[in-house]
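Residues per chain are reported as follows:
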Amino acid sequence: MSRYDSNPFDQEEVEVNPFADGTAKGKGSGQSSYGGGAFYTTNPGSVPSATSRLSPLPPEPYDRGATIDVPLDSSKDIKAKERELQAREAELKRREQELKRREDAISRAGIVIEEKNWPPFFPIIHNNIAKEIPIHLQSIQYVAFTTWLGLVLCLLWNIVAVTTAWIKGEGPTIWFLAIIYFISGAPGSYVLWYRPLYRAMRSDSALKFSWFFLSYMLHIAFCIFAAVAPPIIFKGKSLTGILAAIDVLGDNGLVGIFYFIGFAFFCLESLLSIWVFQQVFMYFRGSGKAAEVKREAARGTMMAAL
């Protein structure tokens, strides 16, 4: 038979007993008695036959009593971080409770924290009519706020007109007076009469209403004085009133037109201010605040006499 007749892939099944003696199995297979398997041979040049099978690797010894060393530093760090987070959480809760307690105490005392919210792009004052003023008083408060903005506009236009007159040769003194009117009038009107009216409407305080009436009468008197602009201080040209407008119109037509526009602004401001004063005074008398003010005044007089 030719040497190509045998099938090289046909291997003889050889039963291997894993429990047999390694010495006998080594003698039969031509391998040494070393238990390292078929890959270990005493003779490096010898090659295992095609019919030999690889012996399984010996199992690794298992010790049930063996322990695994786990580093305890990481667990200690985690516990320390947990305690730190719990301490911070407790501190935040304590501060929150303290803040809530202060807010409750302030609200019980009738103190309102006024946060600046107007104008929205650069808050400088507190003004929230829709949420803090009663509905039946909101229309009056809105018109009063309009009169405050109108006064700021009148004083600003007054600076423009007086600056034009200064350029045309009227002198710098009237310009400095116009600047003083604006610097003192814009914030002064807010502090003296608009904020007292806002707080009076919000808290329904008779004392604040009384302060508003006093300050607002001065405001109306100034608006009427500015609309007329009598020639008392530097011929009245520091204010854009009717008399100053007639005076400068003969010298320069453009300056005269600017002064007449300012005169119209002051007239409109005066009319709106008179309407606001009338409406607030009607509410003041109708709500019984006038009688309350009289009683408080009488009580104060009696206490002073005693």
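Structural data are supplied above this passage.
Keep in mind it's a predicted model, so treat the numbers as computed, not measured.

### Some words on the overall build of the protein
Here is step 1: When its secondary structure is counted, the protein shows nine helices and zero strands.
Here is step 2: Excluding contacts between residues fewer than 6 apart, the proportion of contacts in the protein whose partners are at least 24 apart in sequence is 57%.
Here is step 3: Accessible surface for the protein amounts to roughly 21,700 Å². Of this, 63% is attributable to carbon and sulfur atoms.

### A word on the nonpolar core
Here is step 1: One finds Trp 148, Tyr 194, Leu 197, Met 201, Phe 209, Phe 212 and Val 280 to be the most contacted residues of the largest nonpolar core, which totals 23 residues.
Here is step 2: Elements with a contribution of two residues or more to this core: α4 (135-170), α5 (173-203), α6 (206-228) and α8 (253-286).
Here is step 3: Broken down by element, this core gets its largest block of residues, seven residues, from α5.
Here is step 4: Residues in contact with Trp 148, not counting those within four places in the same chain, are Trp 118, Ile 125, Ala 186, Ser 189, Tyr 190, Trp 193 and Tyr 194.
Here is step 5: Of all hydrophobic cores here, the second largest spans 22 residues; its members include Ala 161, Leu 177, Ala 178 and Ala 244.

### Some thoughts on the packing of α4 against α8
Here is step 1: Where α4 meets α8, the axes come as close as 9 Å, and the angle between the chain directions of the two elements is 160°. The pairing of α4 with α8 is recorded here as roughly antiparallel in orientation. Crossing geometry of α4 relative to α8 is assigned as left-handed.

### A word on α8
Here is step 1: For α8, built from 34 residues, the straight-helix expectation of 50 Å at 1.5 Å per residue is met to within 8% by its first-to-last C-alpha distance of 50 Å.
Here is step 2: Burial in α8 covers these residues: Val 255, Gly 256, Tyr 259, Gly 262, Phe 266, Glu 269, Ser 270, Ser 273, Val 276, Val 280 and Phe 284.
Here is step 3: Structurally, the start of α8 carries an N-cap: the backbone nitrogen of Leu 254 is 3.0 Å from a side-chain oxygen of Asn 252.
Here is step 4: Note on α8: the residue one or two positions beyond its end, Gly 288, has a positive phi of about 85°.

### Thoughts on the pattern of salt bridges
Here is step 1: Counted according to the given criterion, the structure contains 10 salt bridges.
Here is step 2: The partner of Asp 247 in a salt bridge is Lys 237, and the shortest N-O contact between them spans 3.7 Å. Here Lys 237 lies in the loop between α6 and α7 (242-249) and Asp 247 lies in helix α7, a separation of 10 residues in the sequence.

### A short note on the state of the cysteines
Between two cysteines, a covalent bond joining their sulfur atoms is known as a disulfide.
Here is step 1: In the structure shown here, the tally under the stated rule is zero disulfides.
Here is step 2: Sulfur of Cys 154: no disulfide; nearest cysteine sulfur belongs to Cys 223 and is 6.7 Å away.
Here is step 3: Looking at Cys 154, the relative accessible area reads 4%, which means it is buried.
Here is step 4: The thiol of Cys 267 is unpaired, and the distance to the nearest cysteine sulfur, on Cys 154, comes to 9.4 Å.

### Things to note about the packing of aromatic side chains
Here is step 1: Following the criterion strictly, the structure yields 22 aromatic pairs and no others.
Here is step 2: Note on Trp 193 and Tyr 194: the rings are 6.4 Å apart at their centroids and 85° apart in plane angle, and the pair reads as edge-to-face.

### Details of the side chain of Ser 270
Here is step 1: Structurally, Ser 270 is set in helix α8.
Here is step 2: A polar contact of 2.8 Å, which involves the side chain of Ser 270, links it to the backbone oxygen of Phe 266.
Here is step 3: Apart from residues no more than four positions distant in its own chain, Ser 270 is found in contact with Cys 223 and Ile 224.

### Overview of the side chain of Glu 269
Here is step 1: Topologically, Glu 269 is positioned in helix α8.
Here is step 2: If sequence neighbours within four positions are ignored, Glu 269 has contacts with Thr 147, Gly 150, Leu 151, Cys 154, His 219 and Cys 223.

### So, the packing of α4 against α5
Here is step 1: In contact at an axis separation of 9 Å, α4 and α5 are set at 175° when each is read in the N-to-C sense. When the axis of α4 is compared with that of α5, the two are roughly antiparallel.

### Quick word on unusual backbone geometry
Here is step 1: The amide bond that connects Trp 118 to the next residue, Pro 119, takes the cis arrangement and shows omega of -10°.
Here is step 2: Structurally, the position occupied by Pro 119 is in the loop between α2 (73-109) and α3 (129-132).
Here is step 3: The phi dihedral of Asp 204 is positive, around 60°, even though this residue is not glycine.
Here is step 4: Exposure remark for Asp 204: the relative accessible area of 31% places this residue in the partly exposed category.
Here is step 5: At Ala 229, a position not held by glycine, the phi torsion is positive, near 55°.

Reading guide: rules and limits
- Residues numbered from 1 in each chain as written.
- Predicted model: local features only at pLDDT ≥ 70, side-chain atom pairs only at ≥ 80, totals over all residues.
- Heavy atoms only, no water.
- Helix = DSSP H or I, 4+ residues; strand = E, 2+ residues; numbered from the N terminus.
- Contact = heavy atoms within 4.5 Å.
- Areas by Shrake-Rupley, 256 points an atom, 1.4 Å probe, with all protein chains shown as cover.
- Core = buried A, V, L, I, M, F, W, Y, C linked by side-chain atoms within 4.5 Å.
- Buried < 20%, exposed > 50% of the residue type's maximum accessible area, 1.4 Å probe, protein only.
- Axes fitted to C-alpha atoms, helices over the stretch in contact; angles between N-to-C directions.
- Parallel < 35°, antiparallel > 145°, perpendicular 65-115°, else oblique.
- Left-handed = near helix turned anticlockwise from the far one by under 90°.
- Expected span 1.5 Å × (residues − 1).
- Polar contact = N/O pair within 3.5 Å; in protein donor to acceptor, adjacent residues only side chain to side chain.
- Salt bridge = Lys/Arg side-chain N within 4 Å of Asp/Glu carboxyl O.
- Disulfide = S-S within 2.5 Å.
- Phe/Tyr/Trp six-rings, centres within 6.5 Å; stacked < 30°, edge-to-face > 60°.

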